[in-house]
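The primary structure of each chain is shown beneath.
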Amino acid sequence: MTKVSTEPASGERAPSGAAAKEAVPIVVVEDDPNIADLVGLYLTEAGFRPYLAPDGEAGLLAIERHRPKLVILDLGLPGGLDGFEVCRRVRAGSDVPVVLLTARGDEIDRVVGFELGADDYVTKPFSPRELVARVKAILRRAEGAPAAVEATVIGSLEVDPARREARVEGRAVALATRELDLLLFLTANRGLALSRRQLLDGVWGADWYGDERTVDVHVRQLRRKLGDALPLATIWGHGYRLD
Ligand code: CA
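Residues numbered from 1 in each chain as written. Predicted model: local features only at pLDDT ≥ 70, side-chain atom pairs only at ≥ 80, totals over all residues. Heavy atoms only, no water.

**Notes on the overall build of the protein**
When helices and strands are counted, the protein shows 9 helices and 12 strands. The buried share among the 243 residues of the protein stands at 51%. For the protein, contacts bridging at least 24 residues in sequence account for 61% of all contacts bridging at least 6. For the protein, the accessible surface area stands at approximately 11500 Å², while carbon and sulfur atoms represent 51% of it. (Helix = DSSP H or I, 4+ residues; strand = E, 2+ residues; numbered from the N terminus. Buried < 20%, exposed > 50% of the residue type's maximum accessible area, 1.4 Å probe, protein only. Contact = heavy atoms within 4.5 Å. Areas by Shrake-Rupley, 256 points an atom, 1.4 Å probe, with all protein chains shown as cover.)

**A short note on the confidence of the model for the protein**
Interpreting fine coordinate detail is not advised for predicted regions of low pLDDT. Taken residue by residue, the protein gives an average pLDDT of 85. The fraction at 70 or more is 87%. Scored below 50 in pLDDT, residues 9-20 makes 12 contacts in the model with residues more than four places away or belonging to other chains. (pLDDT = per-residue confidence, 0-100.)

**Let's talk about the nonpolar core**
Ranked by size, the top nonpolar core spans 50 residues in total, and within it Leu-73, Leu-183, Leu-186, Leu-222, Leu-226 and Leu-230 carry the most contacts. Contacts of Leu-73, omitting those with residues within four sequence positions, involve Val-29, Gly-83, Val-86, Cys-87, Val-98, Val-99, Leu-100 and Leu-101. Counting 18 residues, the second largest nonpolar core, distinct from the first, contains Val-39, Leu-70, Val-99 and Leu-101. (Core = buried A, V, L, I, M, F, W, Y, C linked by side-chain atoms within 4.5 Å.)

**With respect to the coordination of the calcium ion**
Bound to the calcium ion are the protein donor atoms Asp-31 (OD), Asp-74 (OD) and Gly-76 (O), situated 2.1 to 2.3 Å from the metal. Donor residues for the calcium ion sit on one chain with the sequence pattern D-x42-D-x1-G. Take Asp-74: its relative accessible area is 3%, and that puts it in the buried class. Judged by its relative accessible area of 41%, Gly-76 is partly exposed. (Donors = N, O, S within 2.8 Å, 3.2 Å for Na, K, Ca; no water.)

**Description of the packing of helix H3 (residues 56-66) against helix H4 (residues 83-93)**
Across the interface, H3 lies against H4 with an axial gap of 10 Å and an inter-helix angle of 20°. In terms of axis orientation, H3 runs roughly parallel to H4. Along this stretch, H3 crosses H4, giving a crossing that reads as right-handed. Counted together, Gly-56, Leu-60 and Ile-63 of H3 and Val-86, Arg-89 and Val-90 of H4 form the full contact between these two elements. Split into classes, the residues belonging to the contact of H3 with H4 amount to 4 nonpolar, 1 polar and 1 charged. (Axes fitted to C-alpha atoms, helices over the stretch in contact; angles between N-to-C directions. Parallel < 35°, antiparallel > 145°, perpendicular 65-115°, else oblique. Left-handed = near helix turned anticlockwise from the far one by under 90°. Nonpolar A, V, L, I, M, F, W, Y, C, P; charged D, E, K, R; others polar.)

**A few points about the pairing of strand E3 (residues 70-74)**
Counting buried positions along E3 yields 5 of 5 residues, so the element is predominantly enclosed. By the alternation rule, side chains of E3 split into Leu-70, Ile-72 and Asp-74 and Val-71 and Leu-73, which are all buried. With 4 bridges connecting them, strand E1 (residues 24-29) and E3 associate as parallel partners. Opposite Val-27, over in E3, you have Val-71 as the bridge partner. For E3 and strand E4 (residues 98-102), the ladder comprises 4 bridges, and the chain directions are parallel. Bridge assignment links Val-71 to a residue of E4, and that residue is Val-98. (Pairing = 2+ DSSP bridges.)

So, in structure tokens, the structure goes:
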């Protein structure tokens, strides 16, 4: 088993010169060296700078050290820290997007993963090409915040797209990337009854393959974190409306 690499994975395949300096860092936490190397290779070829970590502890260290723009995280990891725990710890201090990898396709894993603040979910066996496409889509979305728009004030809740922040009574509330995206989308469409499908398309993108329960999981998180400050109505059999 290799130790956490402090150099970009697959160094000989890394882009050279200025391109390498600008390459977006991504931490890949995966104990299967074949999968890790394959993902690293595809990320490198796509112009990213992957750092590979073979277990949860090495992963947390690599995330702290390299400040990645995205984390690819296997759920089944050896040692004391499984992917869920790593996700929880990452989320406690950061809103870096997290894509979970797992051999298990269980709905329960997916739901728990989203509740922990993961942004996407890929079930093994997966196509590395598709994984890279999703990574790009998530990074586009994370960086594609609308150009400076004033914060929307809804009672004690402030939704600030420029700072990508939600505040309740002036205090910032820590939201996962997708939770904030969902809140921004609801705010931009305030007063409209939005179906779960519209929310999926608007927040996750029309090419996202997940089911509509994903929306409910994220709504539950928003309600838990924002409490009464979130005037969100459930439209039974349809979706949600922010009042
Ligand atoms: Ca594994």
